[in-house]
Amino acid sequence: MQPWPYPYLFAHRGGGRLAPENTLAGMATAVQYGYGAVEFDVKLSRDGVSFLLHDDTLPRTSNGQGLAATQDIAALSRLDAGSWFAPRFAGEPLPSFATIAAYCRAHRLLANVEIKPCPGREAETGREVARLAAELWQGHPAPPLLSSFAWEALLAARDAAPQLPRGWLIEEQWPADWPARLAELQAVSLHSDHLLLTAERVAAVRAAGYRVLAYTVNDPARAAELRQWGVDGIFTDALDVIRP
Ligand code: G3P
Ligand code: MG
C-alpha cells in the first residue's frame, strides 16, 4: 500500500453537524475540535469555477434559488450559506474551492475533495476540479484525496491529474467488480457507506492494496468497531462526540 498521510477522522462537509456544511466556518470548526482532515463537496458554476455545495440546487443550504449550475460564480459568491443553519452564521459566504484550499493549507488541514458534479457535467467537473486541486496544493507534502460517486468524473480526474490520489465512492450496493474498478481508476481507496462494510470486505479490499474509508459514522462505538476491522478512515458529523 502507498503511504497514507491522512488521519482516521475526517470532518464531514467541514464542520459536520456543528456548522453550516461546506463553508469556511465549517472548516474552522474542524480545526477548533482538533480535526486534522476535512471532507467537502465541489462542483462547477455556470462559468466553470469550482465551488463548494452538496446539492444540485441552492435552497437547502443557502438563500439562493434554483439549480446551482445555472448561476455564475459572481452571483454564487454573494449568497448567504449560513443563515439556514443558525442566525449566528448569517452572512457566511458560499465559498470557492480556491478559498477553502488556501484555508486548509494555512491550517494544516488535510482534505478529501469530493467531486460532486451537476448532472451532465461529470467529465468536465472531474477534469477541472483535479486540475485546480493539483495547482492549489502544488508543493504541499500531503496532496488532497479526490473522490466521487461519478465514475466519469473520476476517470477525467485521473487523466487530468494522475499524480493526485483517488478514491471511489460507493452507495446502496457492494460492487462485485470492485477489484477491476479500483484497478482501472488507479485508486488508492474505496469510500463506502459504512452500512455496506463487513470485517471480511474490509480485509479483502485492504489485502488487495487499497485503503477503506467509511461514511457517515456518528456513533463512537461504530467508529471503534470499524477501526478494529482495519478501516483507514471515517467521515463523521459528530465532531463533538468523536474526538481526535
Ligand atoms: O465523501 C463521503 C460523503 O460525503 C459522501 O456522501 O452525500 O455526504 O456527499 P455525501
Ligand atoms: Mg460529500
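Conventions used here
Residues numbered from 1 in each chain as written. Chains lettered and ligands numbered in written order. Predicted model: local features only at pLDDT ≥ 70, side-chain atom pairs only at ≥ 80, totals over all residues. Heavy atoms only, no water. Phe/Tyr/Trp six-rings, centres within 6.5 Å; stacked < 30°, edge-to-face > 60°. Lys NZ or Arg CZ within 6 Å of the ring centre and 35° of its normal. Buried < 20%, exposed > 50% of the residue type's maximum accessible area, 1.4 Å probe, protein only. Helix = DSSP H or I, 4+ residues; strand = E, 2+ residues; numbered from the N terminus. Pairing = 2+ DSSP bridges. Right-handed = clockwise from strand over helix to strand, strands pointing away. Axes fitted to C-alpha atoms, helices over the stretch in contact; angles between N-to-C directions. Contact = heavy atoms within 4.5 Å. Nonpolar A, V, L, I, M, F, W, Y, C, P; charged D, E, K, R; others polar. Polar contact = N/O pair within 3.5 Å; in protein donor to acceptor, adjacent residues only side chain to side chain. Core = buried A, V, L, I, M, F, W, Y, C linked by side-chain atoms within 4.5 Å.

Break down the packing of aromatic side chains for me, citing the residues and quoting the values.
One pair of aromatic rings is described through two measures. These are the centre distance and the angle between the planes. Counted according to the given criterion, the structure contains 9 aromatic pairs. Counting every residue linked through ring pairs, the aromatic cluster contains Trp4, Tyr6, Phe10 and Phe235. Over the aromatic face of Trp151 sits the side chain of Arg181, whose NZ or CZ is 4.4 Å from the ring centroid.

Account for the pairing of strand E9 (residues 233-236), naming residues and giving values.
Neither face of E9 is left uncovered, since the one carrying Gly233 and Phe235 and the one carrying Ile234 and Thr236 both have all their residues buried. Alignment of strand E1 (residues 9-11) against E9, held across 3 bridges, turns out to be parallel. For Leu9, the partnering residue across the bridge sits in E9 and is Ile234. Sheet topology note: the strand E8 (residues 211-215)/E9 ladder contains 2 bridges and is parallel. From the neighbouring strand, Leu213 faces E9, where its bridge partner is Gly233. As for the winding sense of the linkage, the β-α-β connection from E8 through helix H8 (residues 220-229) to E9 is right-handed.

Describe in detail the packing of helix H5 (residues 151-160) against helix H6 (residues 178-185), supporting the description with residues and values.
Where H5 contacts H6, the two axes come as close as 10 Å, and the packing angle between them is 35°. Only Arg181, Glu184 and Leu185 of H6 make contact with H5, whose side of the interface consists of Trp151, Leu154, Leu155 and Arg158. Across the contact of H5 with H6, the residue classes break down as 4 nonpolar, no polar and 3 charged.

Please provide a residue-by-residue account of the side chain of Ser62, values included.
Topologically, Ser62 is positioned in the loop between strand E3 (50-52) and helix H2 (73-76). Ser62 gets classed as buried once you look at its relative accessible area, which sits at 7%. Only 3.0 Å separates the side chain of Ser62 from the backbone oxygen of Leu58, close enough to count as a polar contact. One polar contact links the side chain of Ser62 to the main-chain amide nitrogen of Gly64, over a distance of 3.0 Å. Aside from chain neighbours lying at most four places away, what touches Ser62 is Leu79, Asp80, Ala81, Trp84 and Leu94.

So what's going on with the nonpolar core? Residues and values would help.
Counting 58 residues, the largest nonpolar core has Phe40, Phe97, Val113, Trp168, Val231 and Ile234 as the members making the most contacts within it. Sequence-distant contacts of Phe97, that is, excluding residues within four places in its chain, are made with Phe40, Val42, Ser50, Phe51, Leu52, Val113, Val129, Leu132, Ala133, Leu136 and Trp137. If you look at the next biggest cluster of nonpolar residues, it comprises 12 residues, including Ala37, Leu110, Ala142 and Leu213.

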